[in-house]
Amino acid sequence: STRNCPCKMSQHPPKSPLASPVSEGTNSRVEALDNLSMDSFWLEVENIKQSTEAEQEECSLADVKTQEEGEAEAEWLQDAGLSELLGDHGSDNDNLVLLSTLTQTQAAAVQRRLDTYSRSRRRKNKHPVRDVRDIFAVASSEETTAEKEESNPDPLWQNLQTTNAQRKTQDYSCTVRNPGKEEVFNMDIAYSEQAAVLLKGSFLSESRKLKDGNALTKFKILKGRLGVTRIGDLSAQDMKKIPTLALIELTALCDILGFELKRNKAAKLKTTEKRLFGVSLNTLLENDQKLFPNTKVPLLLQALLSCLEKRGLETEGILRVSGSQTRIKSLEQKLERDFYTGLFRWDEVHHNDVSGLLKRFIRELPAPLLTAEYLPAFAAVQNIPELKQRLQALNLLILILPEPNRNTLKALLEFLSKVVARENNNKMNLWNVSTVMAPNLFMHKGLPNKIPEGKEKQLAEGAADVVRMMIHYQDLLWTVSSFLVAQVRKLNESNSKRYQFCDKRIKNLLRKIHADKDKVEKNQAEPSKTVKVHASLLLKDSLEVHLNNATRVADVLRRFQKNLCQNGWNIVNAVNLLKCNNSIECTNLLLYEVGGNIGERCLDPDTYLLDLYRINPHAEWIIKQNPSYPRIF
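The name given to the chain in an unreviewed UniProt entry is RHG40 protein, with the source organism recorded as Oxyruncus cristatus. Taken directly from UniProt, the Function (unreviewed entry) text for the chain runs: "GTPase activator for the Rho-type GTPases by converting them to an inactive GDP-bound state."

Below you can see the structure in the form of structure tokens.
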């Protein structure tokens, strides 16, 4: 019989090999994971069951709900910022600008969803939508007639295959595995484009076996001349464009790899009279920001993590050893009453009870921390055979998350990394921590779908493996790929021109998009340039910098530091600016690119400024204080 929370997951599955693996890649990884104990996972499942039995709430690993044909595609197009394509009227400028930035694989992904949506509408005898060929005009009328005679017309896909064959001479070596050595992680080229080339060349290799945290491959982000962009380096207005682009790219990547991108419908949140537990992240942050305006992570979570960092990191079995459920429930009530008054005494709470409160806080969120919409997609990452492509998918999923969820998840993962770093004392290695936290992230009372018979063990190990990747590779995953930043620049450039397109103009525009991209751009830029760097909050004068091909951001910051300390410039608000050794650390200062085709971007110290000037000549460069350091003025 089926038991309540968490459905069949509450029963320990047999320790036999999986009867029906999702894929060969998954099976090979699961065989390696068989040697790793899942006892912590099942123990945590039982603890969750016991903590919720009194409330009669049902939990399960999230699964996707079945939708009618065309419904999922319509939702996808809306989330991808292309809702205007669903109608029979002309698209607005924003839709056309977005389409003009897409790669071939991304455009093919959009076309497939439009095809499916169009077929479903015709079957239902509804008003016909615009034919996709009116949007993606890639063939002449004669070619269109010929394509109708073929069994599987997909001109963009055919064009993609031809182009990929021509591109095989390009340098994609960074995407090919190099066993036993640190591998390069390429973020300059769209992940879906990389996968298409590798698939065409049969470069996709078998999945590597994962044994423990130390065996996980080391990846190094390939730094282009424009540097690396981390989440938080872009302005809020530019970051708002990233989720849409990441969704399109993730869909294109899944199409190339042959995996379905599973998404749930957005969950309707229930209201609660509580102030802390069971309250949405948005509501928590709204309340917290009344006290501290710049709060990005709920104050309660910050307090829980801080308490554990101070007193629990060295405790053996921290997170795994459960505190008293009675005490945890009592502490929850006290926190609801006293947290915002400052009367709650953290030093009187046992650290195992605090870890129980932490996990309860995550589980009690009205929607999963990984969101109801994308929790199935996070769980499905385990089905991708190649580790590098699993990380590419995770990187895109994290970029899609709403900002409150992404910030909260990062705070949690940073804490979990600290737990793993003290493994010698607390006996909690990476796998132990992952198996304990996976049920709390992937099982939610608001998603009560059943788990297929016999797949409990497979889904449990896969969920723990995804958590392990998020903990171990979080620095890589919290990076904005260079190809996405380039697409944001194109969106900003096109939006600033505010072209008024018509349908005929659409065809001409999109017919030229990929032909233009395939041409090698001849750079006739100047070999050097003199620019001004501003630091208005620190100095009244600007700094003139002569740029050549070797000038980096770090060089400019060092020169600024030298001039500031030696040349006696007119310093504004200079209290505590100079340290006791009469110098300023370069790490305390940052250089920002502002305006032009970007809102604002904090520059990587290894960014080559002449290359940056060439792609954004109208930007201003401004030196600011690092916000993570104490203010110096």
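What the chain contains, in helices and strands, is 25 helices and 11 strands. The buried share among the 633 residues of the chain stands at 53%. Per element, the accessible surface of the chain, about 29,600 Å² overall, is 48% carbon and sulfur.

All right, on to the packing of helix H8 (residues 191–200) against helix H16 (residues 387–400) then. Contact geometry for H8 and H16: axes closest at 11 Å, N-to-C directions at 160°. Considered as vectors, H8 and H16 are oriented roughly antiparallel to each other. Two packed elements cross with a definite hand, and for H8 against H16 that hand is left-handed. Judged by residue contacts, Tyr191, Gln194 and Ala195 of H8 engage Gln389, Gln392, Asn395 and Leu396 from H16. Partitioned by chemical class, the residues of the contact of H8 with H16 number three nonpolar, four polar and no charged.

The next point concerns helix H10 (residues 242–257). Between the first and last C-alpha of H10 there are 22 Å, a value that for 16 residues agrees with the 22 Å anticipated at 1.5 Å per step. For H10, the buried fraction is high: 14 of the 16 residues fall into the buried class. Looking at the residues trailing H10, positive phi occurs at Gly258, about 80°.

Turning our attention to H16. Helix length check: H16, at 14 residues, gives a terminal C-alpha distance of 20 Å against a target of 20 Å (1.5 Å per residue), a fit within 8%. When you tally the buried positions in H16, you get 14 out of 14 residues, the bulk of the element.

We now examine the packing of aromatic side chains. Within a pair of aromatic rings, the relevant descriptors are the distance that separates the centres and the angle that separates the planes. What the rule picks out here adds up to eight aromatic pairs. On the basis of an interplanar angle of 75° and a centroid distance of 5.0 Å, the ring pair of Phe41 and Trp42 is categorised as edge-to-face. Accessibility expressed as a relative area gives 0% for Phe41, which makes it buried. When the ring of Phe344 is compared with that of Trp346, the centres are 4.7 Å apart and the planes differ by 70°; the resulting orientation is edge-to-face. Following the ring pairs from residue to residue traces out a cluster consisting of Phe185, Tyr191, Phe219, Tyr473 and Phe483. In this structure, Arg225 is placed above the aromatic ring of Tyr608, and the distance from its NZ or CZ to the ring centre is 3.9 Å. Directly above the aromatic system of Tyr592 lies the positively charged group of Lys624, at a separation of 4.8 Å from the ring centroid.

Turning to the nonpolar core, a few remarks are in order. In terms of nonpolar packing, the biggest core is built from 129 residues, with Val110, Leu319, Phe378 and Phe442 touching the most fellow members. Sorting elements by how many residues they give to this core places H10 first, with 10 residues. Listed in part, the 21 residues of the second largest apolar core include Leu547, Leu589, Leu612 and Tyr613.

Further remarks concern the environment of Leu412. With respect to the helices and strands, the residue Leu412 is situated in helix H17 (residues 403–421). Each C-alpha atom of the pair Leu412 and Gln302 lies 9.2 Å from the other, and the pair is 110 residues apart in sequence. When sequence neighbours within four positions are dropped, the list of residues in contact with Leu412 reads Leu305, Leu358, Ile362, Leu369, Met437 and Leu441.

Moving on, we get to the sheet that holds strand S7 (residues 529–534). Each strand in a sheet pairs with its neighbour through backbone hydrogen bonds, running either in the same direction (parallel) or in the opposite one (antiparallel). Strand order in the open sheet made by the five strands is S8-S7-S11-S9-S10, with mixed pairing throughout. Edge positions in the sheet fall to strand S8 (543–547) and strand S10 (598–602), since each of these pairs with one other strand and no more. In this sheet, neighbouring strand axes are inclined to one another by 30° on average, regardless of whether the strands run parallel or antiparallel. Taken together, the five bridges between S7 and S8 define a ladder with antiparallel strand orientation. Across the sheet, residue Thr530 finds its bridge partner in S8, namely His546.

This structure, assessed with the given rule, holds 26 salt bridges. A salt bridge links Asp606 to Lys223, with the nearest nitrogen and oxygen atoms 2.7 Å apart. Here the residue Asp606 occupies a position in the loop between S10 and helix H25 (609–615), and Lys223 occupies one in the loop between strand S3 (219–221) and strand S4 (229–230), the gap between them amounting to 383 residues. Residue classification places Asp606 among the partly exposed positions, given a relative accessible area of 28%. When its relative accessible area of 40% is taken as the criterion, Lys223 is described as partly exposed.

With that settled, the discussion passes to unusual backbone geometry. Positive phi, normally seen in glycine, also occurs at Leu319, with a value near 80°. Along the polypeptide, Leu319 turns up in the loop between helix H12 (299–311) and helix H13 (325–338). Judged by its relative accessible area of 0%, Leu319 falls in the buried class. Even without being glycine, Thr371 reaches a positive phi, approximately 75°. On the secondary structure map, Thr371 appears in the loop between helix H14 (351–364) and helix H15 (375–380).

Each value, and the rule that gives it
- Residues numbered from 1 in each chain as written.
- Predicted model: local features only at pLDDT ≥ 70, side-chain atom pairs only at ≥ 80, totals over all residues.
- Heavy atoms only, no water.
- UniProt positions renumbered as here; feature names shortened; annotations may be inferred.
- Helix = DSSP H or I, 4+ residues; strand = E, 2+ residues; numbered from the N terminus.
- Buried < 20%, exposed > 50% of the residue type's maximum accessible area, 1.4 Å probe, protein only.
- Areas by Shrake-Rupley, 256 points an atom, 1.4 Å probe, with all protein chains shown as cover.
- Axes fitted to C-alpha atoms, helices over the stretch in contact; angles between N-to-C directions.
- Parallel < 35°, antiparallel > 145°, perpendicular 65-115°, else oblique.
- Left-handed = near helix turned anticlockwise from the far one by under 90°.
- Contact = heavy atoms within 4.5 Å.
- Nonpolar A, V, L, I, M, F, W, Y, C, P; charged D, E, K, R; others polar.
- Expected span 1.5 Å × (residues − 1).
- Phe/Tyr/Trp six-rings, centres within 6.5 Å; stacked < 30°, edge-to-face > 60°.
- Lys NZ or Arg CZ within 6 Å of the ring centre and 35° of its normal.
- Core = buried A, V, L, I, M, F, W, Y, C linked by side-chain atoms within 4.5 Å.
- Pairing = 2+ DSSP bridges.
- Salt bridge = Lys/Arg side-chain N within 4 Å of Asp/Glu carboxyl O.

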